[in-house]
Amino acid sequence: AAAMGTLIVAGQLWGTRASPIHLLLLTALGILAFDPTQFYDLSFQLSFLANYFLLLALALWERRPRREEARGPGFFRIGARLIDGAALNLLITFWITLGLWPLIASVFGRVSLLAFAGNLLMVPPMGAIVMPAGLAGLAANWLALGEPPGGWIERVVFAGLEIVLRAWTALAGIIDSAGGALVFR
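Notes on the structure follow.

Quick notes on the rules
Residues numbered from 1 in each chain as written. Predicted model: local features only at pLDDT ≥ 70, side-chain atom pairs only at ≥ 80, totals over all residues. Heavy atoms only, no water. Helix = DSSP H or I, 4+ residues; strand = E, 2+ residues; numbered from the N terminus. Buried < 20%, exposed > 50% of the residue type's maximum accessible area, 1.4 Å probe, protein only. Contact = heavy atoms within 4.5 Å. Areas by Shrake-Rupley, 256 points an atom, 1.4 Å probe, with all protein chains shown as cover. Phe/Tyr/Trp six-rings, centres within 6.5 Å; stacked < 30°, edge-to-face > 60°. Lys NZ or Arg CZ within 6 Å of the ring centre and 35° of its normal. Salt bridge = Lys/Arg side-chain N within 4 Å of Asp/Glu carboxyl O. Patch = residues over 30% accessible without salt bridge, like charges linked within 9 Å, V, L, I, M, F, W, Y side chains within 5 Å. Expected span 1.5 Å × (residues − 1). Bend = angle between axes of the 7 residues up to and from the residue. 1 Å grid on protein atoms, 1.4 Å probe; cavity = no way out; pocket = protein on both sides within 12 Å on 5 of 7 lines; lining within 4 Å. Points joined across faces, edges and corners; volume = space filled by probe spheres on them. Nonpolar A, V, L, I, M, F, W, Y, C, P; charged D, E, K, R; others polar. Axes fitted to C-alpha atoms, helices over the stretch in contact; angles between N-to-C directions. Parallel < 35°, antiparallel > 145°, perpendicular 65-115°, else oblique.

Considering the overall build of the chain
Next up, step 1: What the chain contains, in helices and strands, is six helices and two strands.
Next up, step 2: The order of helices and strands in the chain, counted from the N terminus, is α-α-α-α-β-α-α-β.
Next up, step 3: The 185 residues of the chain split such that 23% are buried.
Next up, step 4: Considering only intrachain contacts with a sequence separation of at least 6, the fraction spanning at least 24 residues in the chain is 61%.
Next up, step 5: Entry remark: accessible area of the chain is about 12,900 Å², with carbon and sulfur atoms responsible for 72%.

Brief notes about the packing of aromatic side chains
Next up, step 1: For the structure on display, the rule yields four aromatic pairs.
Next up, step 2: A ring pair is formed by Phe 94 and Trp 95, whose centres lie 5.5 Å apart and whose planes are at 80 degrees; its orientation type is edge-to-face.
Next up, step 3: Residue Trp 95 is classed as partly exposed on the basis of its relative accessible area of 24%.
Next up, step 4: The residue whose ring lies beneath Arg 64 is Trp 61, and the NZ or CZ to ring-centre distance is 3.8 Å.

Focus on the pattern of salt bridges
Next up, step 1: One pass over the full model with this rule turns up one salt bridge.
Next up, step 2: The salt bridge involving Arg 166 is made with Glu 162; its shortest N-O contact spans 2.7 Å. On the criterion of helical spacing, the pair formed by Arg 166 and Glu 162 is a turn pair, its members being four residues apart in helix 6 (residues 152–179).
Next up, step 3: Of the residues examined, Arg 166 reaches a relative accessible area of 56% and is grouped as exposed.
Next up, step 4: The exposure class assigned to Glu 162 is partly exposed, which follows from its relative accessible area of 41%.

Points about a nonpolar patch on the surface
Next up, step 1: Where nonpolar side chains cluster on the molecular surface, the patch consists of Val 9, Leu 13 and Trp 14 and spans about 420 Å² of accessible area.
Next up, step 2: Within the secondary structure layout, Leu 13 lies in helix 1 (residues 2–13).

With respect to helix 5 (residues 114–143)
Next up, step 1: The end-to-end C-alpha distance of helix 5, which contains 30 residues, comes to 41 Å, matching closely the 44 Å that a straight helix rising 1.5 Å per residue would cover.
Next up, step 2: For helix 5, the principal kink sits at Met 126 and spans about 50 degrees.
Next up, step 3: Of all the residues in helix 5, the buried ones are Leu 114, Gly 118, Met 122, Pro 125, Val 130, Ala 133, Gly 137 and Ala 140.

Description of the layout of surface pockets
Next up, step 1: Here the largest pocket defines a volume of roughly 300 Å³.
Next up, step 2: For the largest pocket, the lining is made up of 16 residues, of which Thr 97, Trp 101, Ile 104, Ala 115 and Asn 119 are closest to its centre.
Next up, step 3: Within the residue set of the lining of the largest pocket, elements represented by two or more residues are helix 4 (74–108), strand 1 (111–112) and helix 5.
Next up, step 4: Tallying contributions element by element places helix 4 first for the lining of the largest pocket, with nine residues.
Next up, step 5: Residues of the lining of the largest pocket, tallied by class, amount to ten nonpolar, five polar and one charged.

Thoughts on the side chain of Thr 93
Next up, step 1: Here Thr 93 shows up in helix 4.
Next up, step 2: Residue class for Thr 93 comes out buried when judged on its relative accessible area of 7%.
Next up, step 3: Here Thr 93 is in contact with Phe 116, Asn 119 and Leu 120, once residues within four sequence places are set aside.

Quick look at the packing of helix 2 (residues 20–34) against helix 3 (residues 42–62)
Next up, step 1: It is at 10 Å that the axes of helix 2 and helix 3 come closest, and there the two elements cross at 170 degrees. In terms of orientation, helix 2 and helix 3 fall into the roughly antiparallel class. In contact with Pro 20, Ile 21, Leu 24, Thr 27, Ala 28, Ile 31 and Leu 32 of helix 2, helix 3 contributes Phe 44, Phe 48, Asn 51, Tyr 52 and Leu 55.
Next up, step 2: Along the lines of polarity and charge, the residues of the contact of helix 2 with helix 3 split into ten nonpolar, two polar and no charged.

Structural data, given as structure tokens:
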């Protein structure tokens, strides 16, 4: 995923408009040329299959009928963008989950029907809470350069980061505990 993203950004910087599907294929072929055994690795298969269905969902999103831009106070425009973002998240989650189910079912012999709901519940907090908390930790480390380890900035930021990560894993545990009843064999 990172290699493909790097190729897309590099292509945009150089002014080329290569198809993302072609870049995905080029990335896979490059990795396989370096290590052909990756073809049999489940993480390789899941990563590239998930990226393919992500690109498919984005292509479908780009082809959707456009509605008029919301007018009125700023909160109407923000609300419309939030609804668009939620719809895009739903579309991407649907296509990636649907696309990965056959591979997951063939490898594990079952598919959790909670995967779809789990992604919908876990992805938004990741971008809204967990990532900013992690970036705050990174910034705290940068601010504390040259200071002895364990200064007050680091302690405060990392205590907050630990609370966020504990809440994140607790949410994952709640979703996982509910998933036992939603496994399709």
